[in-house]
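Reading the structure
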Amino acid sequence: MDVTPRYNDFVVKFANVNGSGSASANGLFARAILRMGVPVAARNIFPSNIQGLPTWYEVRVVEDGWRGRRGGVDLVVAMNPQTWDKDIAELDSGGYLFYDSTRPLPPSRFRDDVTTLGIPLTAICNAEYTDARQRQLFKNIIYLGALSALLDIDPAEIEKLFGEQYKGKETLLESNRKAFRMGRDYALAHFACPLPIRVRRSNAVGERIFIDGNSAAALGAVYGGATVCAWYPITPSSSLAEAFQQYCRKYRTEPATKKKRYAILQAEDELASIGMVIGAAWNGARAFTTTSGPGVSLMQEFLGLAYFAEVPVVLFNVQRGSPSTGMPTRTQQADLLSCAYASHGDTKHVMLFPEDPTESFAMGAQAFDLADRLQTPVFVMLDLDIGMQDWLTAPFAWDDAHRMDRGKVMTSAELEAGRDFGRYLDVDGDGIPFRTYPGTHPTKGSFFTRGTSKDRYARYTEEGPAYVDNMQRLLRKFETAKARVPAPVITKAVKPTKSAVVWFGSTSAAMAESLAALELDGIHLDQMRIRAFPFADAVAEFIGAHERVFVVEQNRDAQMKSLLVNECGIDPSKLISVLHYDGTPVTARFITREIAEKARLFNVMPLRRSGVG
């Protein structure tokens, strides 16, 4: 075994049982390392069913700041006998197995190329506690104490976290401190502490914050002017609506009168929720719903109404494993096509692709300006990995001079002055008509909102030329959107190349590290991160300038590739799919390996060394 110290560069994976109370201890582990100034990337992998099923918590300690999953594990905390074999198999050679050694296990259950660290956790708890629940809960704190010694985590940081968590609850505070010290003392007495993999205090966290994407998007909705949220609970989006409610209580309640300046409604189903949002938005409120793939499926007809009647609404889609019920607590990027063309017939919707909580905040606010300006539904396409995981991310920025863009709204004064109002009349060629709010003028500016075909003045008609005129105007509006949505982020390789890679959303976390590894292997790729649909002209231009373009996405059917081919007229043969869709966040090792193999196949660039992961 290599005993050379390796600081701030390893992966710990906790294998627990759902409902065992381990989440608190595991979270303390990650936050204590952050308090030492060392970046972490944490991922919680949990079941959608009942208590007793397996759950995992993966913490990557990485001073270099990589935010994605690396792939492979250096230390497994194996607390679940049901997943023992799977958990040990994930260990890299030379890694460490931490386990409860109360019951002896035969040598066949272990690996010769990993170091075992057995602590009789159950026996310690049985001797110390009589209550069954206490035995279970404090077992987690005991192993937290042991890990602090093994990995050289400053115990003072964990003690501070205890103090914050149990402030005013002295009995709980002292009992947790006692259990923590029991585990730490045992490890110090029985093992050579610390291990070669260890934490060393640093200053690499900086001003970054630790927050989940759903909370960030909810705060973005507040800053974006949202006052109405109608939703139906569905994993993994429910916490977004709940966070919005908490923020509204703080920021949308008048201090003096305590009057609430918001409306949050839990509807009876997804159909009702989107209907409420459309009604509120038609009436002039900034309104949104939050859902996931199955909810979008149910909302299809109402989405067609909002598109055709041109009502500005925002939808936060926190994508999960699919189709049908799929894997509710796993992540994917598999709702692109269902959202881009939601509803029957010829419809096209705007989509935004944030890469992390910082962009979830920014795009969460921007979506409301876009919806009002374009008078159309706007999807903010998060996924479970962004939405429900805590990320170390850049602080949110906001320009206090920003004012809401309400788009083309004709005023009472303009109507009174005799300005021509046609609800679906394009007056300046951008495809966007003027609208009025209900009650704008006592006799002018009213119109009938309908989902049927109409002319420029909102009058019902089934005449072919009027219908075509309206549909072509909607296409012009979609063209206008190209210049208003977030532009792609394009980066040139350090050496000239005719090959490139394209990705979007949460894939960015692993993608950054993978690109660095590929560059070391002599594979140089120009890079483009797509941030929105419709695609800006720069997207097609970028792809057209390259012979081969890898498209990395987390779904089975290459949905982003399909959108690029369909919308940009790109030759499918030049797009090379790199697909990951097992429900776990994609790893840097996976992307590196897949691109390296395909690069060799297509002679993109010869590899100059082996061992890509």
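Our focus in this paragraph is the sheet that holds strand E7 (residues 115-119). Taken in spatial order, the 6 strands of this open sheet run E3-E4-E2-E5-E6-E7, and their pairing is mixed. Unpaired on one side and paired on the other, strand E3 (40-45) and E7 mark the two borders of the sheet. Along the sheet, successive strands turn relative to each other by an average axial angle of 15 degrees, direction set aside. Bridging between strand E6 (residues 91-100) and E7 involves 5 bridges; their strand directions are parallel.

In this model, helix H13 (residues 357-374) (18 residues) spans 25 Å end to end at C-alpha, consistent with the 26 Å of a helix rising 1.5 Å per residue. Counting buried positions along H13 gives 16 out of 18 residues, so the element sits mostly inside the fold. The opening residue of H13, the one whose side-chain oxygen lies 3.1 Å from the backbone nitrogen of Thr358, is Asp356. A positive phi of about 50 degrees marks Gln375, the residue just after H13.

Applying the stated criterion across every chain, the model contains 20 aromatic pairs. Relative to Phe361, the ring of Tyr223 has its centre 5.3 Å away and its plane inclined at 75 degrees; by these criteria the two rings are edge-to-face. Here Tyr223, found in helix H7 (residues 213-223), pairs with Phe361, found in helix H13; they are 138 residues apart in sequence, far enough to count as distant. Ring geometry for Phe288 against Phe316: centres 5.3 Å apart, planes inclined by 85 degrees, an arrangement best described as edge-to-face.

This part covers the pairing of strand E5 (residues 73-78). Within E5, 6 of the 6 residues are buried, leaving the element largely enclosed by the surrounding structure. Relative to E5, strand E2 (residues 9-17) runs parallel, the two sharing 4 bridges. When the bridges of E5 are listed, Ala15 appears paired with Ala78. Sheet topology places E5 next to E6; 5 bridges connect them, and they run parallel. In the strand pairing of E6, Val73 is matched with Leu91.

Our next topic: the domain arrangement of the protein chain. When its domains are assigned, the protein chain resolves into domain 1 (6-198), domain 2 (211-393), domain 3 (412-484) and domain 4 (489-612). Computed from C-alpha atoms alone, the centre-to-centre distance between domain 1 and domain 2 is 36 Å. In this assembly, 12 residues from domain 1 lie in contact with 12 residues from domain 2. Between domain 1 and domain 2, a total of about 1000 Å² is buried, with carbon and sulfur atoms accounting for 52% of that surface. Summed over the shared surface of domain 1 and domain 2, the number is 2 salt bridges. In this structure, the salt-bridge partner of Arg43 is Asp385, at a minimum N-O distance of 2.7 Å. Counting across the domain 1 and domain 2 interface gives 7 residue pairs in polar contact (both at pLDDT 80 or more).

Time to look at the side chain of Ser148. Its location among the elements puts Ser148 in helix H4 (residues 132-150). Overall, the relative accessible area of 1% leaves Ser148 in the buried class. Looking at Ser148, its side chain comes within polar contact range of the side chain of Arg184, at 2.9 Å. With residues near it in sequence (within four places) discarded, Ser148 still touches Ile153, Ile158, Phe180 and Arg184.

What follows concerns helix H19 (residues 559-568). Looking at H19, one finds that the buried residues are Gln559, Met560, Lys561, Leu563 and Leu564. Just downstream of H19, Gly569 is the residue with a positive phi angle, here 65 degrees.

Taken as a whole and assessed by the stated rule, the structure comprises 43 salt bridges. A salt bridge links Arg201 to Asp154, with the nearest nitrogen and oxygen atoms 2.8 Å apart. Of the two residues, Arg201 is situated in the loop between strand E8 (197-198) and strand E9 (209-212) and Asp154 in the loop between H4 and helix H5 (155-165); the sequence distance between them amounts to 47 residues. Under the relative-accessibility criterion, Arg201 is labelled partly exposed at 44%. For Asp455, the salt bridge goes to Arg459, with nearest N and O atoms at 2.8 Å.

So, about the sheet that holds strand E18 (residues 499-504). Overall, mixed pairing links the 5 strands, which are arranged E17-E19-E18-E21-E22 in an open sheet. Unpaired on one side and paired on the other, strand E17 (489-491) and strand E22 (575-579) mark the two borders of the sheet. Adjacent strand axes in the sheet meet at a mean angle of 20 degrees when their direction is disregarded. By the bridge criterion, 4 bridges tie E18 to strand E21 (residues 548-553) in an arrangement that is parallel. Bridging across to E21, Ala500 finds its partner in Val549. Packed on one face of the sheet, helix H18 (residues 537-544) meets E17, E18, strand E19 (526-530), E21 and E22 and runs near 155 degrees to E19. Contacting E18, E19, E21 and E22, H19 crosses the sheet at an angle of about 135 degrees to E21.

Below, the discussion takes up the state of the cysteines. Defined simply, a disulfide is a covalent bond joining two cysteines at their sulfur atoms. Counted under the stated rule, the structure contains 0 disulfides. Lacking any disulfide linkage, Cys125 is separated from the closest cysteine sulfur, that of Cys193, by 18 Å. With no disulfide partner, Cys339 has as its closest neighbouring cysteine sulfur the one in Cys229, 17 Å distant.

The next thing to look at is the packing of H5 against helix H6 (residues 170-190). It is the contact of H5 with H6, at a shortest axis distance of 10 Å, that shows an interaxial angle of 160 degrees. Compared by their axis directions, H5 and H6 come out roughly antiparallel. Both H5 and H6 take part in a crossing whose hand is right-handed. Contact with H5, carried on its side by Pro155, Ile158, Glu159, Phe162 and Gly163, involves Leu173, Asn176, Arg177, Phe180, Arg181 and Arg184 of H6 and no other residues of that element.

The rules behind these values
Residues numbered from 1 in each chain as written. Predicted model: local features only at pLDDT ≥ 70, side-chain atom pairs only at ≥ 80, totals over all residues. Heavy atoms only, no water. Pairing = 2+ DSSP bridges. Helix = DSSP H or I, 4+ residues; strand = E, 2+ residues; numbered from the N terminus. Axes fitted to C-alpha atoms, helices over the stretch in contact; angles between N-to-C directions. Expected span 1.5 Å × (residues − 1). Buried < 20%, exposed > 50% of the residue type's maximum accessible area, 1.4 Å probe, protein only. Polar contact = N/O pair within 3.5 Å; in protein donor to acceptor, adjacent residues only side chain to side chain. Phe/Tyr/Trp six-rings, centres within 6.5 Å; stacked < 30°, edge-to-face > 60°. Domains from an automatic or database assignment. Contact = heavy atoms within 4.5 Å. Buried area = accessible area lost by both parts, 1.4 Å probe. Salt bridge = Lys/Arg side-chain N within 4 Å of Asp/Glu carboxyl O. Disulfide = S-S within 2.5 Å. Parallel < 35°, antiparallel > 145°, perpendicular 65-115°, else oblique. Left-handed = near helix turned anticlockwise from the far one by under 90°.

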